[in-house]
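A closer look at the structure
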Amino acid sequence: MADTLKIEAVPISRRDSFNARDQQTRALKPFNSGDIKILLLENVSQKAVEMLNKAGYQVEFHTKALDKATLIEKIKDVHAIGIRSKTKLTQEVLSHANKLITIGCFCIGTNQVDLNYAASRGICVFNSPFSNSRSVAELVIAEIILLARQLGDRCREMHDGVWNKVSKNCYEIRGKTLGIIGYGHIGTQLGVLAESLGMHVIWYDILPLMPIGMSTAVESLPELLAEADFVSCHVPETPETKNLIGERELQLMKPGSYLINASRGTVVDIDALAASLKTGHLAGAAVDVYPSEPLANGPGFESALRNCPNTLLTPHIGGSTEEAQRMIGVEVATAIIKFINSGASINAVNFAECDLRAIPSSDRTTVRIVNVHQNVPGVLRQINNILAGYNVNKQISDSKGDVAYFMADVSVEDSGEINTIYEQVTAIQENIITRVLF
C-alpha cells in the first residue's frame, strides 16, 4: 500500500465521455500493474498478448492447454487467465487460484468454467459471444452448398482415385428453404447471407424477435422442421437444448433434407442422426461440434457419423478464422484490462454488470474502491459506514445470485488513509475480494 500515487492523464473517448466535463480522464491502475500476472493458454490471439503486455502486465503465453496438475500449479500465482474451449476451470482447479480475479474465455462458450464457484471466489468471467458470428455464418453457407452438390463425397472419391461424375440428387440452393433454429447474432447473419443467394429463410426462436430482410418466423420447431430443406442449429448449451434434435425431430424433417449443427455438441443426438443418414431419410449433414471432443489435435476422433453418406465432419472450426480470433482477442483482452484497471464488469458472464464514469484528470485525490461480497443484508451499510467520513463522489452496487459487486470513487486527501479504508472493508465478514485502484 506504500506505492507512490502516480496520476496519468489520457484523452477521453466519445464512448466514455458521458457526464464528463474534462477533455481528459485519469487512467486508473492497480497499485503496481507490473505485479499483475496473466496466464494465456491455447494459442489465444497474438493481438491479445500484445494488448496485455502493453498494459504493463507480466504475460505467460502457451500454445496448448495444460494438463490438470500443471494448470493447478500455474494458476496459484496469477491474477488473470485466458483460455479457449479445452481448458477446464473446475471447482477443484479454481480452489487453488489464490490471486485470480478474472477469467477471459477467448470464445463464445463458458461451460468449461464453473461460473457459480468462480463468482463465489470473486472471480469475474468474460467471453466473446459475438466476435466470430460472421465466420460461423460463412462456414454454414459453404456447407449448405457442399451438401447440396455432394462435394464431400466427390472429393473423397477423387482422392481415392475414383471418377464419379453424377448430377442425380445434386441441387442449386437458389429457391430452397433454410430453417434457422435460434435467431441470434449468428442466425441473423446466416439469414442475410442465405437470402443474398436466393434462399427463402424461416426461423424459430423462443424469444419474440424482429426479422431481418425477408425472413419469416414460424410458431414452432416442428413447423420449421417440416418446411425447411436445410436446417441449421444456432442455440446455446442448456438443459433445454440437450438433444433438441433427436429421433423424433429428425423424423419430422422433410425426406431428402439436410441438417447442420455448428452450435453445441449436445444439441443433436449423434446416434439418431447417423441412423437417419444411413436410411436415406436425410440427404446429408454437416457437424462441427460434438458431445465429446478430443483435448488435442491428432488421431483418435471417434463418432457414429464417420463414413456416413454425404456427411461433412469438421473439428469445431466454426469460429476459427484469423479475423474472428483477432476480434475475440481484442474484445476479451479489453474486458480483462478494464476490469483489472478500473473495475468495470460490463458484459461479464457471472457478475452483475457495473461501471463508473471516468475520473477527470483534474481530480487528483480520488481513489476507486472495488468490492465483491456475499449478497446478504447489511453489507452495504457496513461499507458506507466505513466511507462515511469521506466524500464519496459516486458509487454503484448490483448483485447476481449470491454475489454482489460494489464500486465507489472516494476522495482521500491523505494517501496514508487508503490502507485504512482497504483494511476496514476487507475485515467485513461477508467480504470476498476488495481492491483499491489509483
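This text follows the structure it describes.
Residues numbered from 1 in each chain as written. Predicted model: local features only at pLDDT ≥ 70, side-chain atom pairs only at ≥ 80, totals over all residues. Heavy atoms only, no water.

Moving on, we get to the nonpolar core. Across soluble globular proteins, nonpolar side chains show a tendency to be buried alongside one another. Ranked by size, the top nonpolar core spans 35 residues in total, and within it I38, L52, Y57, F106, I340, F351 and Y405 carry the most contacts. Of all the elements in the fold, those that place two or more residues in this core are β3 (37-40), α1 (46-54), β7 (124-126), α11 (322-342), β15 (366-374), β17 (403-411) and β18 (431-437). Among the elements that line this core, the one with the most residues is α11, at eight residues. Counting residues in hydrophobic clusters, the runner-up holds 28 residues, among them A228, L250, L277 and L282. (Core = buried A, V, L, I, M, F, W, Y, C linked by side-chain atoms within 4.5 Å. Buried < 20%, exposed > 50% of the residue type's maximum accessible area, 1.4 Å probe, protein only. Helix = DSSP H or I, 4+ residues; strand = E, 2+ residues; numbered from the N terminus.)

With that out of the way, let us pick up the sheet that holds β3. Taken together, the five strands give an open sheet; going across it, the order is β4-β3-β5-β6-β7, and neighbouring strands pair in parallel fashion. In this open sheet, the two edge strands, each paired with only one partner strand, are β4 (58-61) and β7. On average, each strand axis in the sheet is inclined to that of its neighbour by 15°, with strand direction left out of account. When strand β6 (residues 102-105) meets β7, the two strands line up parallel, connected through three bridges. In the strand pairing of β7, G104 is matched with F126. (Pairing = 2+ DSSP bridges. Axes fitted to C-alpha atoms, helices over the stretch in contact; angles between N-to-C directions.)

Looking now at the side chain of Q150. Inspection of the secondary structure puts Q150 in the loop between α5 (133-148) and α6 (151-159). Here Q150 falls in the buried class, since its relative accessible area comes to 15%.

Applying the stated rule across the entire model yields seven aromatic pairs. For the ring pair F126 and F339, a centre distance of 5.9 Å and an interplane angle of 65° mean the geometry is edge-to-face. Placement of F126 in strand β7 and of F339 in helix α11 is noted, with a sequence separation of 213 residues between them. Each member of the pair, F126 together with F339, is buried. Summarising the aromatic geometry, the rings of F230 and Y258 are spaced 4.6 Å apart at their centres and angled 10° between planes, so their arrangement reads as stacked. Placement of the pair is F230 in strand β11 (residues 230-233) and Y258 in strand β12 (residues 257-261), with a sequence separation of 28 residues. Assigned by exposure class, F230 and Y258 land together as buried. (Phe/Tyr/Trp six-rings, centres within 6.5 Å; stacked < 30°, edge-to-face > 60°.)

Next up on the list: the pattern of salt bridges. Taken as a whole, this structure holds 14 salt bridges when the rule is applied. A salt bridge links K99 to D77, with the shortest nitrogen-to-oxygen separation between them at 2.9 Å. Taken together, the positions of K99 in the loop between α3 (91-94) and β6 and D77 in the loop between α2 (68-75) and β5 (80-83) put the pair 22 residues apart, joining distant regions of the chain. You can call K99 partly exposed: its relative accessible area is 40%. A salt bridge links E172 to R174; the nearest nitrogen and oxygen atoms lie 3.0 Å apart. For the pair E172 and R174, one class covers both residues: exposed. Through salt bridges that share partners, K37, D77 and K99 make up one connected network. (Salt bridge = Lys/Arg side-chain N within 4 Å of Asp/Glu carboxyl O.)

These results come straight from atomic positions and should not be treated as a statement about function.
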